[in-house]
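# Reading the structure
So you can see what is in the structure, the chains are spelled out below.
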Amino acid sequence: KAISLSQGELITFLDVDDLWTENKLNSQVEIMHNKDIDFCYSNYFIIEGPKNNRSKKKAYNKKLPSGKIYEKLIKFYDVGILTLCIKRKVLSKLNICFDSRFTIIGDMLFVLELSKLGIAYADQNCLAYYRLHQNNLSKTKLLLHVREMRIWFNDLSKDNKLDENVFGNLISLT
């Protein structure tokens with residue numbers, strides 16, 4: 001619903017407990033001027049611990065993929081929603097939206113759908129900070145995560161989109 005209420009040409013995401021670097025938006029706005037790019041994302045830092053003793057590490061030490069990235073994401077999902085920037089017109093053109101059935105895996109499924117048809121640009125710089133803490137949904141709702149993955153696998157199976165290779169790759173995403 002938030003996307004439908006927004007008014008800008010670009011759409012970005014930020015959870016209340018995460019942070020962006022000072023130059024994230026400027027950097028991504030510049031990237032999105034390229035008419036061939038539908039969405040962009042970047043690496044990010046993972047931070048945890050109290051403010052005075054906080055550790056910071058890079059989320060990914062490998063090169064993030066650009067271009068048509070769906071096949072790569074199915075094998076190794078590496079998009080942090082807090083770094084995502086999408087052209088609004090692309091969402092309309094591709095008819096992509098969040099699946100309201102999913103709380104935990106909804107971000108991943110949204111990006112996977114986007115990556116099936118859209119062209120991505122991956123900024124290798126860390127443009128955000130993801131706070132790791134005991135209240136992260138992915139930590140506190142593990143059973144919900146498993147339930148949602150089962151529903152998604154079942155959907156794929158019904159649509160005959162779940163061959164052995166894809167299933168093996170999807171298991172690695174969990």
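Structure: see above.
The structure contained in this document is the topic of the report that follows. (Residues numbered from 1 in each chain as written. Predicted model: local features only at pLDDT ≥ 70, side-chain atom pairs only at ≥ 80, totals over all residues. Heavy atoms only, no water.)

### What about the overall build of the protein chain?
Within the protein chain one finds eight helices and six strands. Listing the helices and strands of the protein chain from first to last along the sequence gives α-β-β-α-β-β-α-β-α-α-β-α-α-α. For the protein chain, buried positions account for 40% of its 174 residues. Taking all contacts inside the protein chain whose residues are at least 6 apart in sequence as the whole, residues at least 24 apart take part in 73%. With the model as given, the accessible surface of the protein chain reaches about 10,800 Å², and the carbon-plus-sulfur share is 51%. (Helix = DSSP H or I, 4+ residues; strand = E, 2+ residues; numbered from the N terminus. Buried < 20%, exposed > 50% of the residue type's maximum accessible area, 1.4 Å probe, protein only. Contact = heavy atoms within 4.5 Å. Areas by Shrake-Rupley, 256 points an atom, 1.4 Å probe, with all protein chains shown as cover.)

### Let's talk about unusual backbone geometry
Despite not being glycine, Asn-95 has its phi angle at roughly 55°, a positive value. Within the secondary structure layout, Asn-95 lies in the loop between helix 4 (88–94) and helix 5 (106–117). The exposed category is assigned to Asn-95, whose relative accessible area is 67%.

### A closer look at the pairing of strand 6 (residues 120–131)
In the sheet, strand 2 (residues 19–20) pairs with strand 6 via two bridges, with the strands oriented antiparallel. Bridge pairing in strand 6 places Leu-19 opposite Tyr-129. When strand 3 (residues 39–48) meets strand 6, the two strands line up parallel, connected through eight bridges. Note that in strand 6 the partner of Ser-42 across the bridge is Asp-123. (Pairing = 2+ DSSP bridges.)

### Observations concerning the side chain of Asp-18
Of note, Asp-18 is situated in the loop between strand 1 (10–12) and strand 2. Here Asp-18 sits buried without a salt bridge, and the closest side chain of opposite charge, Arg-131, lies 5.6 Å off (N-O distance). There is a polar contact of 3.0 Å between the side chain of Asp-18 and the backbone nitrogen of Arg-131. If sequence neighbours within four positions are ignored, Asp-18 has contacts with Leu-82, Tyr-129, Tyr-130 and Arg-131. (Lys, Arg positive; Asp, Glu negative; His and termini not counted. Salt bridge = Lys/Arg side-chain N within 4 Å of Asp/Glu carboxyl O. Polar contact = N/O pair within 3.5 Å; in protein donor to acceptor, adjacent residues only side chain to side chain.)

### Topic: the pairing of strand 3
In terms of burial, strand 3 is largely enclosed, as nine of its ten residues are buried. Of the strand pairs in this sheet, strand 3 and strand 5 (residues 85–87) are connected by two bridges, and their pairing is antiparallel. For Phe-39, the partnering residue across the bridge sits in strand 5 and is Ile-86.

### Notes on the nonpolar core
Counting 38 residues, the largest nonpolar core has Leu-84 and Trp-152 as its most contacted members. Within the residue set of this core, elements represented by two or more residues are strand 3, helix 3 (70–75), helix 4, helix 5, strand 6 and helix 7 (142–158). Among the elements that take part in this core, helix 5 stands out by supplying six residues, more than any other. Ignoring any residue separated from it by four or fewer positions in sequence, one finds Leu-84 in contact with Ile-11, Thr-12, Phe-13, Lys-24, Gln-28, Phe-39, Cys-40, Tyr-41, Val-79, Phe-110, Val-111 and Leu-114. Ile-31, Ile-37, Cys-40 and Cys-85 belong to the second largest nonpolar core, which has five residues in total. (Core = buried A, V, L, I, M, F, W, Y, C linked by side-chain atoms within 4.5 Å.)

### Brief notes about the environment of Tyr-130
Tracing the backbone shows Tyr-130 in strand 6. Relative accessible area serves as the criterion here: at 22%, Tyr-130 is assigned to the partly exposed category.

### With respect to helix 7
Note on helix geometry: an α-helix contains 3.6 residues per turn, so any two residues three or four positions apart are oriented the same way. Between its first and last C-alpha, helix 7 extends 25 Å over 17 residues, near the 24 Å set by a 1.5 Å rise per residue. Of the residues making up helix 7, those classed as buried are His-145, Glu-148, Met-149, Trp-152, Phe-153, Asp-155 and Leu-156. When helix 7 is viewed along its axis, its buried side chains cluster within an angular range of 155° and face the same direction. Along helix 7, the residues that are exposed and aim more than 90 degrees away from the buried face are Leu-143, Arg-150 and Lys-158. Just past helix 7, the residue Asn-160 takes up positive phi, approximately 55°. (Expected span 1.5 Å × (residues − 1). Arc of directions from axis to C-beta.)

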